[in-house]
Amino acid sequence: SKIISNTQKSFKDILNFIPDPTLAIDRSGKVIYWNRAIEKMTGVKAEDMIGRGNYEYALPFYGVRRPILLNFIFKYQKDLEKKYHFIKRAGVVLTTEADVPVRGGKPRVLWAKASPLYDSEGKIIGAIESIRDITDRKIEEQKLKESESRFKGYFNMSGAGIAITSPEKGWIEVNKELCLMLGYSRSEILSKTWSEMTYPDDLAADVKQFDRILSGKIDSYNLDKRFIRKDKKVVWTNISVGCVRESNGNVDYIIALLVDISDRKNSELKLKESHRRYKMIVDNVNDAFYLHDFKGRILDTNENACKMTGYTRNELIGANASIVDTPEQAEFIPKRIQRLIKAGKLLFESQHRRKDGTYFWVSVSAKIVSREDGGLIEAFVRDITDQKQNEERLKESEERYRNLISNLPKTEYVLVHRKGELLWVNDNTVSFLGRSKKEIIGSSVFDYLEKKYQKIVLENINKRAAGKKVGDYEIKIKNKKGEQRNVLVRGSSVNYEGWPAILLVLSDITDMVKKDEELVSVNNKLEQSREAILNVLKDIEEQRDISYKQNIELAKFKLAVDNASDDIIITDSKGVILYANFASEKNNGYSINEIIGKTPAIWGKQMPKEFYENFWKTIKEDKKSCICEVINKRKNGELYTAEIRVSPIVNDRNEVEFFVGISHDITKLKELDRAKSEFVSVASHQLKTPVSGMKWMLESILKNRENNLTEKQITDLKDVYENNERMIGLINDLLNISRIDSGKYALLNLAKTEVVPMIERAIKESSQFANDRKVKIVFHDHLPLNYSINIDHDKIYQAILNLIFNSIKYSKFEGGVSEITTELKNGEFIFSIKDNGIGIPLKNQRYIFEKFYRAENASTSQASGSGLGLYIGKYFIESHKGRVWFDSKEGVGTTFTFTLRQDLI
Ligand code: ADP
């Protein structure tokens, strides 16, 4: 019709060239274009379709008449929308995809595009639609998707770590497994490069290969390397690397597959280690060692083999084992190997040859290690030259002895037997037995013995065979004529003609035995009567002695003990009371009869369990005396404190037989002590303030010259000041005591303290006093430079000061010298101060460290004092776990020493 103008005609030609099937309809729905491609797709010719309406064009596609996409241009077909995968509109153009059973076949996926047709005025006059069969593409797409998702799945599910990395060594993508392996989160890994996560030692090897990939030399590689995990642990991996290249050959990206092989590596290392250990053993055995195959080729050897043969390791390895054999022995090698292969192991003697050509004897112990791959034989070779020589020498000496034996005196029978079979006898034996040598050799030793002696000899043969020692023994031998001789048999194991045998030397003692027997019987009788007389005498003697001595001693002892003022009890080793004296009756309220047979438990067991345990351990196990305070209970229930001293009495086998316990009531003393402490505490606190006030006042008066004091007044005031100072000292001591008693001083204020400056300070502080007393103080310091120790400075200083003051105070005025020595001995700090003063009388010495105690000569000499200084000093030193003691002789001098141990405090 009129629509088909010229231009439209050429348009139609163009359409025919469009590769996609295309059709167009006019507004009335009649087909106006049907190109070649659509003819081909549908099998319907253009002339059969052009001009047809009523949706005839849908028939080849759907088999029914219905609107298709180009009908949507005129009117949107809402109800059909669902039949398409999608319908997209871009301006006036519609595109879609749908499954279409073209020509009644299997549905194809068709892609279609429809747009309006306009006339020159822009009015819509029709619609055009191009169709494309995209089924194949869709299938490809689907396949791709599937393989992609399969890869993705593999990527993430694989037991191996997978990474895609860049040529710059950065991570592009990593899977979960890799994250687990390296201990980082995915985002943490992606922010790093693999080179910075690689164990430094392994980086070079990896980078080298990687660079070869980059430069195109290789496309893949595989190696073992270590990574450092986020937690800094090292993980061993096996990594396979491959690359994907762009078309120009440049690397696009790299794929790496990582497997955690820490376990394998560890066992590899272990294997290496055990191999190394095996090597060590092989190298350290005394024998030469060869590992060779069934053909004799040496594969391994050790240091000793080199030493033994003079060859180097390199010369031996690879050579045939015959290299160390003598030519004579080398012939046997193939045979020996055959025997070895059959038996698994073989022991033989052979002769080897050194590199220098000398021969030596060896024993070889060979063993099959493996039968595969040419076989492996392990051989340990020992040089037995010495042994061989010994054997030679033995043979020679055997010869010599044989000669000797043949010429022995008539009374010596010598024979050699093996298991009783006679192998050799000397001429003496032949003449006694009265048979020819021929008859004797090969006969049994038992032929010449009575039953009784056969047994003895058999026993001894067995004993010797079992490797036991057999002493000399006596038997009787008999000869053909029935003559008997007593013989003393001495035997020893020998080699006879190369085999073990026994050499017996039989000494004829028949005459001696006879004489002996007579003597013995006379002697026995004499001996018996002598003993009887002696026994009687001894019994009488002992009896008299014991009763006499004991009676007297006991009576004396009992009298003393019975009437002692302390309680005394004696118990047996289990603690059962055997004896109690009168005092114990008086003090405890129990009668002696009530006490005897009981244990000390009747005093109530007031003390904690550990106390008794310690107590028993000391006296029973350590067997030492124990002195302690216990709280006891009287019969009437009254408690009292007793100081008891228990000593074990041991017999000559050092077993405890008795315990002796001495106790006295110290309740009153204790009470007094407490009262005294209380008084001291109160009094010293009360006194401290006025005395300090006085000191301050005196000081200010003496300093202030404007007071216009006379010389006499000044001296008096100075005296008062001095006395006041002493008072302050005393009060300080008393305060210390009450602090000690109340436990306030138990805590130490420890600090590292340099010792020498501290002592110098103490010397300086006492120098005025020393000058007054004309005492010279000398200080010998043997400590290491700047020696310091962990102590409570004030307390140790106080202790030292007290000792220095005492040494000055108790000097003999003229020529007094105090020598202080410090040194370090076995890690112990030792301070000692020696004076040549008045000394301490022996009988006062044991109380010197007690509170308020002063020796007689101290009180009578002018020196004033309280008897507190040493008590306080000792307390301070011992609270540092130190020890203090002294050594003194009256009129000669005193040395006080104390020690401190750095490690204990
Ligand atoms: P004080 O010196 O105040 O009497 P101490 O406790 O310091 O008290 O000493 C106790 C006693 O030990 C003294 O009274 C004296 O008998 C004796 N003593 C201490 N040091 C010496 C010494 N260096 N030489 C002789 N006697 C000493």
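Placed above this text is the structure.
Residues numbered from 1 in each chain as written. Predicted model: local features only at pLDDT ≥ 70, side-chain atom pairs only at ≥ 80, totals over all residues. Heavy atoms only, no water.

Trainee: Mind showing me how you'd approach the site of the ligand here?
Mentor: Surveying the vicinity of the ligand reveals 20 residues, the closest of which are Asn 806, Tyr 810, Asp 835, Arg 854 and Leu 870. In the model, an oxygen atom of the ligand is placed 3.2 Å from a nitrogen or oxygen of the Gly 869 main chain. Protein chains shield 98% of the accessible area of the ligand, which is 520 Å² for the free molecule. Only helix H27 (793–809), helix H30 (869–879) and strand S33 (893–901) provide two or more residues apiece to the shell around the ligand. The dominant element in the shell around the ligand, judged by the number of residues it contributes, is H27, at 3 residues. Broken down by class, the residue content of the shell around the ligand amounts to 9 nonpolar, 8 polar and 3 charged. (Near = heavy atom within 4 Å. Polar contact = N/O pair within 3.5 Å; in protein donor to acceptor, adjacent residues only side chain to side chain. Areas by Shrake-Rupley, 256 points an atom, 1.4 Å probe, with all protein chains shown as cover. Helix = DSSP H or I, 4+ residues; strand = E, 2+ residues; numbered from the N terminus. Nonpolar A, V, L, I, M, F, W, Y, C, P; charged D, E, K, R; others polar.)

Trainee: Is there a simple way to explain the sheet that holds strand S5 (residues 108–118) in this structure?
Mentor: Hydrogen bonding along the main chain pairs the strands of a sheet, whether they run parallel or antiparallel. In spatial order, the strands read S2-S1-S6-S5-S4-S3; together these 6 strands make up an open sheet with antiparallel pairing. Strands at the two margins of the open sheet, each flanked by one partner only, are strand S2 (31–34) and strand S3 (86–90). Sheet twist, expressed as the average angle between the axes of neighbouring strands with direction ignored, equals 20°. Inspection of the sheet shows strand S1 (residues 22–26) paired to strand S6 (residues 124–133) by 5 bridges, in the antiparallel sense. When the sheet's bridge partners are listed, Ile 25 is paired in S6 with Ala 127. (Pairing = 2+ DSSP bridges. Axes fitted to C-alpha atoms, helices over the stretch in contact; angles between N-to-C directions.)

Trainee: Where do I start with the sheet that holds strand S26 (residues 656–665) in this structure?
Mentor: The strand order across the open sheet formed by 5 strands is S23-S22-S26-S25-S24, and the pairing between neighbours is antiparallel. With partners counted over all chains shown, the strands left at the sheet margins are strand S23 (577–580) and strand S24 (626–633), one partner each. Each strand of the sheet is rotated relative to its neighbour by a mean of 30°, with strand direction disregarded. The pairing of S24 with strand S25 (residues 639–650) spans 8 bridges and is antiparallel.

Trainee: Would you mind going over the packing of aromatic side chains with me for this structure?
Mentor: To describe a pair of aromatic rings, one takes the distance between the centres and the angle between the planes. A full pass over the atoms with the stated rule returns 20 aromatic pairs. Judged by centre distance (5.2 Å) and plane angle (85°), the ring pair of Phe 611 and Tyr 612 falls under edge-to-face. Through successive ring pairs, a cluster of aromatic residues spans Phe 611, Tyr 612, Phe 615, Trp 616 and Phe 659. Against the face of Tyr 62 rests Arg 66, its NZ or CZ located 3.7 Å from the ring centre. Its end group placed over the ring of Tyr 640, Arg 634 keeps NZ or CZ at 4.1 Å from the ring centre. (Phe/Tyr/Trp six-rings, centres within 6.5 Å; stacked < 30°, edge-to-face > 60°. Lys NZ or Arg CZ within 6 Å of the ring centre and 35° of its normal.)

Trainee: Got a minute to help me understand the environment of Asn 790 in this structure?
Mentor: Position of Asn 790 relative to the elements: it lies in strand S29 (residues 788–791). Residue classification places Asn 790 among the partly exposed residues on the basis of a relative accessible area of 24%. Spatially, the C-alpha atom of Asn 790 lies 6.0 Å from that of Thr 753, the residues being 37 residues apart in sequence. At a separation of 3.4 Å, a polar atom in the side chain of Asn 790 contacts the main-chain amide nitrogen of Lys 752. (Buried < 20%, exposed > 50% of the residue type's maximum accessible area, 1.4 Å probe, protein only.)

Trainee: Help me out: how do you make sense of unusual backbone geometry in this one?
Mentor: Glycine aside, the phi torsion of most residues is negative, and most peptide linkages are trans. Positive phi is not limited to glycine here, since Lys 419 has a value of about 55°. Along the chain, the position of Lys 419 falls in the loop between strand S17 (412–418) and strand S18 (421–425). For Lys 419, a relative accessible area of 76% corresponds to the exposed category.

Trainee: What exactly am I supposed to notice about the packing of helix H26 (residues 755–772) against H27 here?
Mentor: Between H26 and H27, whose axes approach to 9 Å, the crossing angle comes to 35°. Crossing geometry of H26 relative to H27 is assigned as right-handed. Contacts from Met 758, Ile 759, Arg 761, Ala 762, Ile 763, Glu 765, Ser 766, Phe 769 and Ala 770 of H26 reach H27 at His 793, Ile 796, Tyr 797, Ile 800, Leu 801, Ile 804, Phe 805, Ile 808 and Lys 809. Broken down by class, the residue content of the contact of H26 with H27 amounts to 13 nonpolar, 2 polar and 3 charged. (Left-handed = near helix turned anticlockwise from the far one by under 90°. Contact = heavy atoms within 4.5 Å.)

Trainee: Before we go on, may I ask you to explain the packing of H27 against H30 in this structure?
Mentor: Each pair of packed helices gets described by two things: the angle between the helix axes and the distance between those axes. Between H27 and H30, the least distance of the axes is 9 Å, while the angle of their chain directions is 145°. Both H27 and H30 take part in a crossing whose hand is left-handed. Counting all contacts with H27, which are made through Lys 795, Gln 798, Ala 799, Asn 802, Leu 803 and Asn 806, the residues of H30 involved are Gly 869, Leu 870, Gly 873, Phe 876 and Ile 877. For the contact of H27 with H30, the residue count by class is 5 nonpolar, 5 polar and 1 charged.

Trainee: Any chance you could explain the nonpolar core here in plain terms?
Mentor: Nonpolar side chains in soluble globular proteins generally cluster together in the buried interior. One finds Ile 800, Phe 829, Phe 831, Phe 896 and Phe 898 to be the most contacted residues of the largest nonpolar core, which totals 38 residues. Put simply, the parts of the chain that give this core at least two residues each are H26, S29, H27, strand S31 (828–835), H30, strand S32 (883–889) and S33. Of all the elements, H27 adds the most residues to this core, at 8 residues. Not counting residues up to four positions away in its chain, the partners in contact with Phe 896 are Leu 803, Phe 831, Ser 832, Ile 833, Ile 840, Ile 848, Phe 849, Leu 870, Trp 885 and Phe 886. Listed in part, the 27 residues of the second largest apolar core include Phe 61, Ile 68, Leu 70 and Ile 131. (Core = buried A, V, L, I, M, F, W, Y, C linked by side-chain atoms within 4.5 Å.)

Trainee: Even after reading the chapter, I still don't get helix H15 (residues 333–343), so can you show me in this structure?
Mentor: An α-helix turns once every 3.6 residues. As a result, residues three or four positions apart point the same way. Along H15, the residues classified as buried are Ile 333, Arg 336, Ile 337 and Leu 340. For H15, the angular spread of the buried residues around the axis is 100°, confining them to a single face. Away from its buried face by more than 90 degrees, H15 exposes Pro 334, Lys 335, Gln 338 and Lys 342. Contacts from the buried residues of H15 go to helix H14 (327–330), strand S14 (345–353), strand S15 (359–370) and strand S16 (376–383). (Arc of directions from axis to C-beta.)

Trainee: I'm lost on the pairing of S3 in this one. Help?
Mentor: With 0 of 5 residues buried, S3 lies mostly on the surface of the structure. In this structure, S3 lies alongside strand S4 (residues 93–100), joined through 5 bridges in antiparallel fashion. Bridging from a neighbouring strand, Phe 86 pairs with Glu 97 of S4. Hairpin connection of S3 to S4: 2 residues between the antiparallel strands, including Gly 91 at a positive phi of 65°.

Trainee: Is there a simple way to think about the state of the cysteines in this case?
Mentor: A covalent bond between the sulfur atoms of two cysteines is referred to as a disulfide. The full count for this structure, using the stated rule, is 0 disulfides. Take Cys 626: it sits in no disulfide, and the sulfur closest to it among the cysteines is that of Cys 628, at 4.1 Å. We classify Cys 626 as buried; its relative accessible area is 12%. (Disulfide = S-S within 2.5 Å.)

Trainee: Explanation requested: a nonpolar patch on the surface in the structure shown.
Mentor: Side chains of Leu 578, Ile 649 and Phe 658 sit close together on the surface and give an oily, nonpolar patch of about 240 Å² of accessible area. Summarising the element assignment, Leu 578 is placed in strand S23. (Patch = residues over 30% accessible without salt bridge, like charges linked within 9 Å, V, L, I, M, F, W, Y side chains within 5 Å. Salt bridge = Lys/Arg side-chain N within 4 Å of Asp/Glu carboxyl O.)

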